[in-house]
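# Working through the structure, step by step
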Amino acid sequence: MENKTIARSLRLLSQLMELHNENSFKIKTIANAAFKVDKLPYAISSKTQEEITQIDGLGKSTAAKVWELLQTGTIAEMQDILAATPEGIVEMLSIKGIGPKKIMIIWKDLGIENIGELYYACNENRLIEAKGFGLKTQDEIRKVIEFKMAAAGKFLFAQAENLVHTLQAELIVWLQTISDTAKLEIAGEFRRYCEIIEEIDFVAGIDNPGDLQNQIGTFSALEFELKPEGYFEAQSPFGLKIRLHYTTPDQYAITLFRLTGNEAHVTTVLERAGKGPFPTEQAIYAAAEMDYIEPELREGRKEIALAAQHQLPVLITHNDLKGSLHNHSTWSDGVHTLEQMAVFCKDQLGLEYFGICDHSKSAFYANGLNEQRVYAQHQEIEALNAKLAPFKIFKGIESDILNDGSLDYADDILKQFDFVVASVHSNLRMDEEKATARLIKAIENPYTTILGHPTGRLLLSRKGYPIDYARVIDACAVNGVVIEINANPLRLDLDWRWHNYALEKGVLLSINPDAHRMEGFSDMHYGVYVGRKGGLEAKSCLNSFTLAEISAYFKSRK
C-alpha cells in the first residue's frame, strides 16, 4: 500500500471524526499523521509495527491504526464512523472549499445528505442562508460539483444547451466560408431533447466534403480529429464530446435522419420508406406512408404506429402556457418577493396568472410557513390581486408529504388554499411498496391538487425513491389529481417515459418551474421539451388553461 493511500485514509478518518464532533486533540493528531506519512521519503509498508511507532509524528495509537490498515486494508474505527454517516456526506468531503464543520451545517441544519441535493440547494440560493456561507462560497461549491459531473462524461441538457447553440452558430459561419450553400443542423440526443447528454452530433451538408476535410484545421473554436468511422470529433472545454458528421447535399436528409432517431425508430421507418433518394426528412416519412414525426418523439415507442394512423399528438409549445404554478418567494426560501415574482410573470412573461407555493411548516430548513404566516401571506395576496387585476395570484402551498402519507397541515388550513402541491422532501429511502403507499395516501387527500416532483429525483446525482409508477398514476386518475412535470433541469420529474401512460388514463399534467427566483421561470422551456417528448398536448396541461378555465377548475376541485 502506497504512502499516499495510507495518508488519504488517515485524512478521511480525521475529517469523519471532526464531522462527528470527536475529541479535537485526537482529530489534530490523526490529521498531522496524515501529513507526515504523505511526506515520508520511504515506503511505510516496508516497516514493522515497532518501526512505524518510532516515526516522528505518529505515536503508538496512530501507528496501530496504520498497522491495522496495512494488515487488513481498513481501520475498524473508521468503518464504525462510516456506518453512522450517509454515503453522500462522505462524498462531500471531497469538495474543495467546504470542510467538516461546513458539511455538518449542511447535513444537520439544512437536511442535505448528498451532492445532488447540495447542488440543487446552490441553485435555489439556499446555501447562503446557512451560517458561515456566502454567495462566493456557494458559487465555488456549485462550480466544483459541475466539474465532478462533467468528469463522469454525462451532462444535463441545460448544461449543454448554451454551448451547443453557440457552437452551432460558429460552425455555420465557418462552413459558409468554405461553401456558401453549406448546411448544418444538430442531431442525436440533443435534438431529441434527452434529459442527459453524452455527446453532441452535428451534421454538415457541403457540395465538396473534401474541402471541409482540408480546412477543418482552420476552425479555431475546437480541435477536431478525424475518426476511423468517418466523422470529426473534438472535446469541448468542459469535457462534452462533439462530433461533426459531413455529407453531400443529396445524402444530407437521410444522414440527419439516421443520426437523430434512436436505432429502433430509424430501422422501422427506413424498412417502410425504402432507399430513397430523399430531399428532406419529411419526404422520408411520406415514403413510409406516415405523418412527419418531430425529433423529440423518435424513441422507437408508439410514435410510428400513431404516425401511420395519422393520430400523432399536437405537441405543446411554450406559447401555450398561460400561467406558472409552483413557485417560491422570500416568504420561504425564494430570492425575490411575492410581488416581484408575480409582476415578472405579468409584465415580462405576459402570463395571466401566478401560483405561489412556498414551503409548508415541516420544511423548517426552507423557512416553511406556519399557520400564522399562511394567514399573513394570504392577506398580502389579496392586496396584490386588487393591485394587479385582471392578473391573478393563486393561493397555493407546497405541503410536505409526511412519512405516513398525510399532509403537514390540518384540513381547516388546507381548505384555505386555492390549490395544494403535495411533495416529498424527506425520508427518501423507503422501499417501493412503502414509498408508493405514502404517495397514494397523499393523492387520496381531498385537498391535494397536484402531486409535486413524484420521485424526488435529481438527475446525475440522486435516483429518487422507487415507486410503482402505474399505481401512483392510476391513483391520480381516480382522485382527479394533476401530476407535475417539474421543469427544473435537475429534476424533469415526472419522467417523460410515463407521460403517455398518464395521458391515456386522463390525468392532467402541469409544467411547473419550481422557481425560487425570477430567473427560474426560464426553466419552463425545459418542462415543455420533456412534455413534448412524452406526447403532451396543450389541452392536457393544467397551466395551459386560461385564467377563467383554471379558476373554474380550482373551484370545482374545492
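This is a predicted model, so every value here is computed, not measured. (Residues numbered from 1 in each chain as written. Predicted model: local features only at pLDDT ≥ 70, side-chain atom pairs only at ≥ 80, totals over all residues. Heavy atoms only, no water.)

### What to know about the pairing of strand β6 (residues 232-235)
In this structure, strand β5 (residues 225-226) lies alongside β6, joined through 2 bridges in antiparallel fashion. Residue E225 lies in a different strand from β6, and its bridge partner there is E233. Summarising the sheet, β6 and strand β7 (residues 241-247) pair through 4 bridges and their orientation is antiparallel. The partner of E233 across the bridge, within β7, is R243. What sits between the antiparallel neighbours β6 and β7 is a turn of 5 residues, in which G239 has the positive phi angle 100°. (Pairing = 2+ DSSP bridges. Helix = DSSP H or I, 4+ residues; strand = E, 2+ residues; numbered from the N terminus.)

### A short note on the layout of surface pockets
Here the largest pocket defines a volume of roughly 1100 Å³. Lining the largest pocket are 49 residues, and of these E113, N114, E117, L428 and R462 lie nearest its centre. For the lining of the largest pocket, the secondary structure elements donating two or more residues are α6 (87-92), α8 (115-123), α9 (135-151) and β10 (392-400). Of all the elements, α8 adds the most residues to the lining of the largest pocket, at 5 residues. Per-class residue counts for the lining of the largest pocket are 19 nonpolar, 15 polar and 15 charged. (1 Å grid on protein atoms, 1.4 Å probe; cavity = no way out; pocket = protein on both sides within 12 Å on 5 of 7 lines; lining within 4 Å. Points joined across faces, edges and corners; volume = space filled by probe spheres on them. Nonpolar A, V, L, I, M, F, W, Y, C, P; charged D, E, K, R; others polar.)

### Focus on helix α23 (residues 524-533)
Burial runs high along α23: 9 of the 10 residues are buried. All buried positions along α23 are accounted for by M524, Y526, G527, V528, Y529, V530, G531, R532 and K533. The inward-facing, buried residues of α23 contact α10 (157-178), β8 (323-327), β13 (482-486), α22 (499-504) and β14 (509-512). (Buried < 20%, exposed > 50% of the residue type's maximum accessible area, 1.4 Å probe, protein only. Contact = heavy atoms within 4.5 Å.)

### A short note on empty space enclosed by the protein
It is the rolling of a water-molecule-sized probe over the atoms that shows where space remains empty. Following the criterion strictly, the structure yields 1 cavity of 30 Å³ or more and no others. Empty space within the largest cavity amounts to approximately 40 Å³. Lining the largest cavity are F157, Y193, C194, E195, L492, Y526, Y529 and V530. Looking at which element gives the most residues to the lining of the largest cavity, the answer is α23, with 3 residues. Partitioned by chemical class, the residues of the lining of the largest cavity number 7 nonpolar, no polar and 1 charged.

### Describing the environment of A76
Along the chain, A76 falls in helix α5 (residues 76-83). For A76, a relative accessible area of 39% translates into the label partly exposed.

### What about the sheet that holds β10?
Read from one edge of the open sheet, 7 strands run β8-β9-β10-β11-β12-β13-β14, paired in parallel fashion. Either end of the sheet is taken by a strand with one partner, and the two such strands are β8 and β14. One ladder, built from 4 bridges, connects β13 with β14; its direction is parallel. Looking at the pairing, N486 lines up with N512 of β14. In the packing of helix α18 (residues 371-388) onto the sheet, contacts are made with β9 (353-356) and β10, and the angle to β10 comes to roughly 155°. (Axes fitted to C-alpha atoms, helices over the stretch in contact; angles between N-to-C directions.)

### Side note on the packing of aromatic side chains
This model, assessed by the stated rule, comprises 21 aromatic pairs. Consider the rings of F354 and F521, whose centres lie 6.2 Å apart with planes at 75°: the pair is edge-to-face. Residue F354 is located in strand β9, and its partner F521 is located in the loop between β14 and α23; the two are separated by 167 residues in the primary sequence. With relative accessibility at 2%, the residue F521 sits in the buried group. Ring plane angle 80° and centroid distance 5.7 Å describe the contact between W498 and Y501, whose orientation is recorded as edge-to-face. Here the aromatic cluster, defined as three or more aromatic residues joined through ring pairs, consists of Y353, F394, F419, F545, Y553 and F554. We note K47 situated over the ring of Y42; from NZ or CZ to the ring centre the distance is 4.8 Å. Across the ring face of F133, the terminal group of K102 is positioned such that the distance to the ring centre comes to 5.7 Å. (Phe/Tyr/Trp six-rings, centres within 6.5 Å; stacked < 30°, edge-to-face > 60°. Lys NZ or Arg CZ within 6 Å of the ring centre and 35° of its normal.)

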